[in-house]
Every structure is written in structure tokens, then in C-alpha cells.
Amino acid sequence: MPPTLPRTAREIRLAEVPSGLPGPEHLTVSEVPLPVPGAGEVLVRNRWFQVFPSLRTLIAGGVPGTPFPPLRPGDSLFGPAVGEVVAAPAGGDLRPGDLVAHFQGWREYAAVPAAAPLGDALPDPAAHLASGATAYAALTRVARLRAGETVLVTGGAGGVGSLAGQIARLLGAARVIGTTGSPAKAGRMTAELGYDAAVLRDGGPIGGRLAEAAPDGVDVVVDTVGGEQLQAAVAAARPGARLVVVGTLAAQLSPASGGTTAPVELDAFQLIAKNITLRGLTGVDDEIHAEWTERFGAWLRSGAVTFPHTRIAGIERAPLALRELFEGRHVGTVVVET
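Rules and cut-offs
Residues numbered from 1 in each chain as written. Predicted model: local features only at pLDDT ≥ 70, side-chain atom pairs only at ≥ 80, totals over all residues. Heavy atoms only, no water. Helix = DSSP H or I, 4+ residues; strand = E, 2+ residues; numbered from the N terminus. Rg over C-alpha atoms; globule rule 2.2 N^0.38 Å. Buried < 20%, exposed > 50% of the residue type's maximum accessible area, 1.4 Å probe, protein only. Areas by Shrake-Rupley, 256 points an atom, 1.4 Å probe, with all protein chains shown as cover. Lys, Arg positive; Asp, Glu negative; His and termini not counted. Charge placed at Lys NZ, Arg CZ, Asp CG, Glu CD. Arc of directions from axis to C-beta. Contact = heavy atoms within 4.5 Å. Phe/Tyr/Trp six-rings, centres within 6.5 Å; stacked < 30°, edge-to-face > 60°. Core = buried A, V, L, I, M, F, W, Y, C linked by side-chain atoms within 4.5 Å. Salt bridge = Lys/Arg side-chain N within 4 Å of Asp/Glu carboxyl O. Pairing = 2+ DSSP bridges. Axes fitted to C-alpha atoms, helices over the stretch in contact; angles between N-to-C directions.

Q: Would you mind going over the overall build of the protein chain in detail, with residue names and values included?
A: Looking only at helices and strands, the protein chain has 10 helices and 14 strands in total. In terms of overall dimensions, the protein chain is globule-like: its C-alpha atoms have a radius of gyration of 21 Å, near the 20 Å expected for 338 residues. Along the longest, intermediate and shortest principal axes, the C-alpha atoms of the protein chain span 65 × 45 × 35 Å. Within the protein chain, the fraction of its 338 residues that count as buried is 49%. Of the roughly 14900 Å² that the protein chain leaves accessible, carbon and sulfur atoms contribute 52%. In the protein chain, 28 positive and 32 negative side-chain charges are present, and the distance between their average locations comes to 1 Å.

Q: Can you tell me about helix α4 (residues 183-192), naming the residues and giving the values?
A: Residues Lys185, Ala186 and Met189 constitute the buried set of α4. The buried residues of α4 occupy an angular sector of 105° when projected down its axis, which confines them to one face. When the buried face of α4 is taken as reference, the exposed residues oriented beyond 90 degrees from it are Pro183, Ala184 and Ala191. On the buried face of α4, the contacting elements are β8 (175-180) and β9 (197-200).

Q: Can you lay out the packing of aromatic side chains for me, pointing to particular residues and giving the numbers?
A: By the definition in use, this model includes five aromatic pairs. Ring centres of Phe78 and Phe103 lie 5.9 Å apart, and the angle between their planes is 45°; this geometry places the pair in the tilted category. Note that Phe78 is positioned in the loop between α1 (55-59) and β4 (81-87) and Phe103 in the loop between β5 (99-102) and β6 (109-113), a separation of 25 residues in sequence. What makes Phe78 buried here is its relative accessible area of 11%. Here the aromatic rings of Trp292 and Trp299 are separated by 6.3 Å at their centres, their planes lie at 65°, and the arrangement is edge-to-face. Each of the two residues, Trp292 as well as Trp299, counts as buried. By the ring-pair criterion, three or more aromatic residues cluster together here, those being Tyr136, Trp292, Phe296 and Trp299.

Q: Any details on the nonpolar core? Residues and values, ideally.
A: If you look at the biggest cluster of nonpolar residues, it comprises 38 residues, and the most contacted ones within it are Leu139, Val151, Ile167 and Phe296. Elements represented by at least two residues in this core include exactly α2 (132-142), β7 (150-154), α3 (161-170), β10 (218-223) and α9 (286-302). Residue contributions to this core peak at seven residues, all from α2. Ignoring sequence-local partners within four residues, the contact set of Val151 consists of Leu139, Leu145, Ala168, Ala173, Arg175, Val176, Ile177 and Val220.

Q: Provide a residue-level description of the pattern of salt bridges, including the pertinent values.
A: Scanning all chains against the criterion turns up 16 salt bridges. Glu337 is paired through a salt bridge with Arg311; the nearest N and O atoms lie 3.8 Å apart. Remark: Arg311 occurs in strand β13 (residues 309-313) and Glu337 occurs in strand β14 (residues 333-337); sequence separation between them is 26 residues. Among the residues examined, Glu337 registers a relative accessible area of 31% and is labelled partly exposed. Residues Glu324 and Arg329 are paired through a salt bridge, measuring 3.8 Å at the closest nitrogen-oxygen approach.

Q: Before we move on, could you go through the sheet that holds β8 and cite the residues and values that matter?
A: Pairing in this open sheet of six strands is parallel, and the strands run β9-β8-β7-β10-β11-β12 from one edge to the other. Each end of this open sheet is capped by a strand with a single partner; those strands are β9 and β12 (277-280). Across this sheet, the average inter-strand angle for adjacent strands is 15°, counted without regard to direction. Examined bridge by bridge, β8 and β9 share four bridges and lie parallel to one another. Residue pairing for β9: Thr180 is matched across the bridge by Leu200. Sheet contacts for helix α6 (residues 227-236): β7, β8, β10, β11 (237-245) and β12; angle to β11, the most-contacted strand, approximately 155°.

The following block contains the structure:
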């Protein structure tokens, strides 16, 4: 191992499980020995990692049947990251300076399985942390959006939603509507993110405002929220509508929720009478991810889309970044730059 590397590194650990939303007081910045790569691994210096709302669910104990283990006090947090290789076995495909994507974020250094370098597919390496692949798969593979249709995206200013509106527009949607709880975010959604209208969630029933924004109904829904907004989407759905559920922000961002369930009551008569398709989506396969990355890179370079995100400098500020995410302070993806 090169002598210029430090002996220790910092990482974020869970100090205690909160009764509500996790914040800086529930996390700790720990100094640990520098990881030692095993067989088939490389040592990376993380440059960027994503702060994502599903950490609430993991901290609350996880959900059986999902691929992510629950986080216990003392555990290191984890998540999507882009790291720079600093040590790699001789004769391998990776060399110091290469960038790789992995899932060992929330730390300065990580030993990760050797994988193909990211290369220059995207003009900004941090854009590999965008959640656009989920939106792209929902629109192209599950809902199979057709030109001229009306699209509704709940949570339109979030990590998925801030790209879903732009993608829907590029795929030929005639009208794109998003929901949000912030007038400032609503302004950005219509000015920058491809939305024709933004429906504000202000504590009252949202169904009436959605009906005003989409008087003829909606054909495709990308739902990142669940709860009342999913109910309103079913009510606004046109015959043959396709609804894709990709998130449960209503539960994950609520202090009153346990964070591991997201119950919602839907009108089965509406589902049957309108012949509505309702599907969940978690993750995308390698083929779709590669297709998304290629199109995303071309769209970014041409200016057809933007990567809405907030960069927060310093791993020591990551716990505060998580609190700000839960408070809804940012538009798009929240990225910590280490």
C-alpha cells in the first residue's frame, strides 16, 4: 500500500435508533483504520456519495424481503457512491485514478469489488448518483409512455421526480404534472424541470387541485410518495392508465410513521372500472442502466436535460445533509462531496 495513504479514515455510523426521523444527534463521525482490500478488491477514496430517504427505512429496521439489511447502532451507513481508485492489484483492469461506482458511501475510503471504470459516459462523474434510471425504467419499460399522453409525477422535485419530468417531456408526453409541498420548488419545476403544472400539497386534500391541473385525467403516473397522493392519482387516472410506484416518501419523511410500512387505501372499483395497471418498481437491471447512462450522457451534453442536485462539501456535514433531506430543503439529488 502506498506510504502516502493515511492510517485512518472517517465514516458515518449510527449512534442510536431514533423514535422519529434520524438527525445529526443520532449519527456519529468515527475514525477507523484504513480498509485493507481483500482478493478481487480495490481501495477507493470516495469523492461523492448520495444522501437518500430510504435510509429512514434501514435505520428503522428494514423491510423483510428487500436486499438491504437493517442498520443497528454502531453500524456504518452505506449507499451509492463514486470513488477514485487509489490502490489496485497489478495486472487488473483498474488503475489508480480510475473512477468506480459502488455502494459503500458515507465513508472516506472503502474496499470494494473491482469493477469496470466509469469512463467518460457522463460529463459530470457525480451524475452517476442521479436517480434517473428509476424514472427512465418506470416510463419506458413499465408504463411504456406513448407520445401525446399526460404524465403525473408525485414528489416532482425529489431525486427521481426532478428527472422524471424532464424524461417524460423528451419521450413525447403532451402534458407533465408534478406534485410538491413547496411554492419555491413548484416554480423551479415549471421553469426548469419539464413540468407544465405543479400541484401544491398544503395540508388540505390534494385531489381537487390535481383535478384542476389535469381536467382530462392522467395516463401515466410515476409515484414516489404513496399515501394520499397515490389515492388522488388513482382518482385522476384515465381508462387504461399505468401507475408505477417507485417510492414511499409520505411514510419515510413523516416523523409519525414507523418508516418500515406505507399503508394506503385504494378504491378497487376504480382500479377495475378503469382497467388501471398498478405496479411497483425497485431497481433496474444492467441492460436498462446501460441504456439510461448512454441517453443521459447525450442529453446532458446537448443541454436537453439537467442534473438537479445539491452538493454539500465535507463528510462531517453528511449528518446535517440527511436532516435537511428529510426537511425537504433541496431540489433533486443530495450529494456529499468528500
